[in-house]
Structures are given as structure tokens and as C-alpha cells.
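Results of the structural survey
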Amino acid sequence: MTAGFTEALLGARRPVIMELKRQDAAGRDLFGGRSVARIVAEYQDAGAPCLSVVTGRWFGGTQDLLREVAEATDLPLLQKDFITRRGQVDEARETGASAVLLTAALLPRSTLGNLVDHSLRLGLTPFVEVTTEEESRRVPRAGECVVAVNNKDIATRERGAGDLGRSLSLLPAVRSGGTRCPVSASGIRRPDEAARLIREGFAGVLIGTGLLRAGSLPEWLDDFDRCRDATRPPTWRSAESVESNDTWR
Ligand SMILES: O=C(O)c1ccccc1NCC(=O)[C@H](O)[C@H](O)COP(=O)(O)O
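What you see is a predicted model; the values in this text were computed from it and never measured.

The rules behind each value
- Residues numbered from 1 in each chain as written.
- Predicted model: local features only at pLDDT ≥ 70, side-chain atom pairs only at ≥ 80, totals over all residues.
- Pairing = 2+ DSSP bridges.
- Helix = DSSP H or I, 4+ residues; strand = E, 2+ residues; numbered from the N terminus.
- Axes fitted to C-alpha atoms, helices over the stretch in contact; angles between N-to-C directions.
- Contact = placed C-beta atoms within 7 Å.
- Near = placed C-beta within 6 Å.
- Nonpolar A, V, L, I, M, F, W, Y, C, P; charged D, E, K, R; others polar.
- Buried ≥ 20, exposed ≤ 12 C-beta atoms within 10 Å, placed from the backbone.
- Parallel < 35°, antiparallel > 145°, perpendicular 65-115°, else oblique.
- Left-handed = near helix turned anticlockwise from the far one by under 90°.
- pLDDT = per-residue confidence, 0-100.
- Right-handed = clockwise from strand over helix to strand, strands pointing away.
- Expected span 1.5 Å × (residues − 1).
- Arc of directions from axis to C-beta.

Next up on the list: the sheet that holds strand β3 (residues 77-80). Adjacent strands of a sheet form backbone hydrogen bonds with each other and so pair up, either parallel or antiparallel. Reading around the circumference, β1-β2-β3-β4-β5-β6-β7-β8 is the order of the eight strands in this closed barrel, with parallel pairing throughout. The sheet shows a mean angle of 25 degrees between the axes of neighbouring strands, direction not considered. With four bridges joining them, strand β5 (residues 125-130) and strand β6 (residues 146-150) adopt parallel strand pairing. Across the sheet, the residue bridging to F127 is V146, located in β6. Lying on the sheet, helix α5 (residues 109-121) is in contact with β4 (99-103) and β5; it crosses β4 at an angle near 175 degrees.

Surrounding the ligand, one finds 23 residues, the nearest of these being G56, T103, S186, G208 and T209. Elements supplying a minimum of two residues to the shell around the ligand: β4, β8 (204-207) and α9 (209-212). Per-class residue counts for the shell around the ligand are nine nonpolar, eight polar and six charged.

Looking at where A142 falls in the secondary structure, it is placed in the loop between α6 (133-137) and β6. Residue classification places A142 among the buried positions, given that 23 C-beta atoms sit within 10 Å.

Let us now look at the packing of helix α2 (residues 36-45) against helix α3 (residues 63-72). Look at α2 against α3: their axes get within 9 Å of each other, and the N-to-C directions meet at 50 degrees. Taken together, the axes of α2 and α3 are oblique relative to one another. Pair α2 / α3 crosses with right-handed handedness. Along its contact with α2, which presents V36, A37 and V40, the element α3 presents L65, E68, V69 and A72. A class-by-class count of the residues in the contact of α2 with α3 yields six nonpolar, no polar and one charged.

The next point concerns the confidence of the model for the protein chain. Caution is warranted with low-pLDDT regions, since their predicted coordinates should not be read in detail. Confidence in the prediction for the protein chain averages 92 pLDDT; 89% of positions are at 70 or higher. Both confidence scores are given for the complex: pTM 0.92, ipTM 0.96.

Quick look at the pairing of β4 now. Across the five residues that make up β4, a large majority, five, are buried. Judged by which residues are buried, β4 turns out to be covered on both faces: A99, L101 and T103 on one side and V100 and L102 on the other are all buried. Looking at chain direction, β3 and β4 are connected through two bridges and run parallel. When the sheet's bridge partners are listed, L78 is paired in β4 with A99. For the crossover from β3 across helix α4 (residues 86-95) to β4, the handedness is right-handed. Pairing of β4 with β5 involves five bridges; the strand directions are parallel. Following the sheet pairing, T103 is matched in β5 by E129.

Position of L221 relative to the elements: it lies in helix α10 (residues 217-229). Overall, the presence of 20 C-beta atoms within 10 Å leaves L221 in the buried class. When the C-alpha positions of L221 and R175 are compared, they lie 26 Å apart, and in sequence the two are 46 residues distant. Apart from residues no more than four positions distant in its own chain, L221 is found in contact with R14 and A46.

Taking 1.5 Å per residue, 13 residues should reach 18 Å; α5 reaches 18 Å between its end C-alpha atoms and fits that length. For α5, every residue scored as buried is listed here: L112, L115, V116 and S119. Seen along its axis, α5 keeps its buried residues to an arc of 105 degrees; they face one direction. Facing away from the buried side of α5, by more than 90 degrees, are the exposed residues S110 and R121. Looking at the buried residues of α5, the elements they touch are α4, β4 and β5. In the stretch just after α5, G123 is the one whose phi turns positive, near 85 degrees.

See the structure below:
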């Protein structure tokens, strides 16, 4: 088992959870002919504190993808799948994950509680994703979980651009639940968007498509560093972001 997922993220110079996802929600390829080992190496070179690996079938994922990533790196890994049973948590651990996605919208309160307890017992970090205040209120043992606001919706199979304004509006509720590690996930495309989320108080951001489609990962991350260092916010609301993120203010 690798170092703790939460500690790695909280201690990172660049608190970006970098994701391996084979396809976007529309089935379009995101690896662009690169091998898993090459993407892992690019992320490691970029200083990733931890990685997310999408094994969910909607996104072209398999358990073998997690296995392959685990063989290529010692970084803490989050398994992103539709986890509803303890056996899946056991399998995640056996395959090399340090954290597991638990989607509050999919799980009744008692099941969510059982899966959080089971994950913690196995030494895994529950990465609980929420999309509403009500969901954020029912995260059990939130102080021991990463609590992530998902800017997209499972109900629409995560199609669409995502609403980064959701992260901003839910942050106070997520924080008041007691997590040390609030994260904003999905639909974050530009470095200035990621930097603003960190500045607003998120401990980390989780990005798949934006990084996998970046022409140059080092340049994307240099821009992110520059935006974080800037004393005045850059122009958040480009025409593109107004189109894609209606409530992002
Ligand atoms: O959200 C879920 O419940 C989910 C379950 C299983 C696999 C993936 C799932 N969500 C998709 C993602 O996690 C995104 O790939 C991730 O947040 C990154 O999004 P993006 O940066 O927009 O590619």
C-alpha cells in the first residue's frame, strides 16, 4: 500500500489529482495513442501528488487499467467506478487503490455509511462525491473522507460542460461537514479555473479531460502556477467559460 491519499494531496505543491480516463462521456478517445505507462510518467514528471483512474465502463474503463497504473507508479491511486458493494472496495484495495469513489447520489444513507466504514477499516480513503447540500450533509465520518463536489451530473451520464459555480456554492456546506480535504471535480478545463477553485478554498482539484487534451501538460501546469501566484484574479469569464459554465461567477 502506498502513502495516504489525503496527506499526499494536502502536502502537494500542485494539488491536482490527475486522472487517467480512456474516453469522455460521449465515447471520444482521451489517450490519443499514448500508453498508460507514458501518461503515468507525464503525470509523475508534472508533480502529481496522486492519480485518479476511471475504471467505470461508461468511460471505457476496466479493472485492468487500475492494475496497469498501479504497476507503473507508487503514487496513491483513486479508483473511480460505480461502487455499491463491499466486494468492490476489497477488489480496489487488492488491485492497488488507496482511495475509492463513493457517489452519494447513488447510495442510500445506510449503504454509504457501511461503505465508508468498510473503506476506512481497510485503510482506504473514502472519496465521497456530492452534488447537493443535502448529499453533503449525509457524508458520515466526513473528517476522515475526501469530500468532492462533482460539477457534472450522474443523471445525465456526466455529459455536458459542468457547472463550476456548483463547487463555489457548496463549499461552505462541504467544509461545515468537517472534511479536511474538500475537492472540486469534473468539468475543469482551464488553468485559471483550477487556480480560482484553489484560491476559493478547495484543497485540491480533480481533472481528467482538461489535462488529457492539453496540448502541453507542462505549459498547462505552468499557467496554473502563474494564475495561483497572481495577486489579482485573471479574467475568469472568457466567452468559452460563459458558454460552458453558466453559474460560474
Ligand atoms: O461520477 C461518478 O459517479 C463516476 C463513477 C464512475 C466513473 C466515473 C465517474 N465520474 C466521472 C469522473 O469522475 C470524471 O472523469 C472526473 O471527475 C474528471 O472529469 P473531467 O475533468 O471533466 O474529465
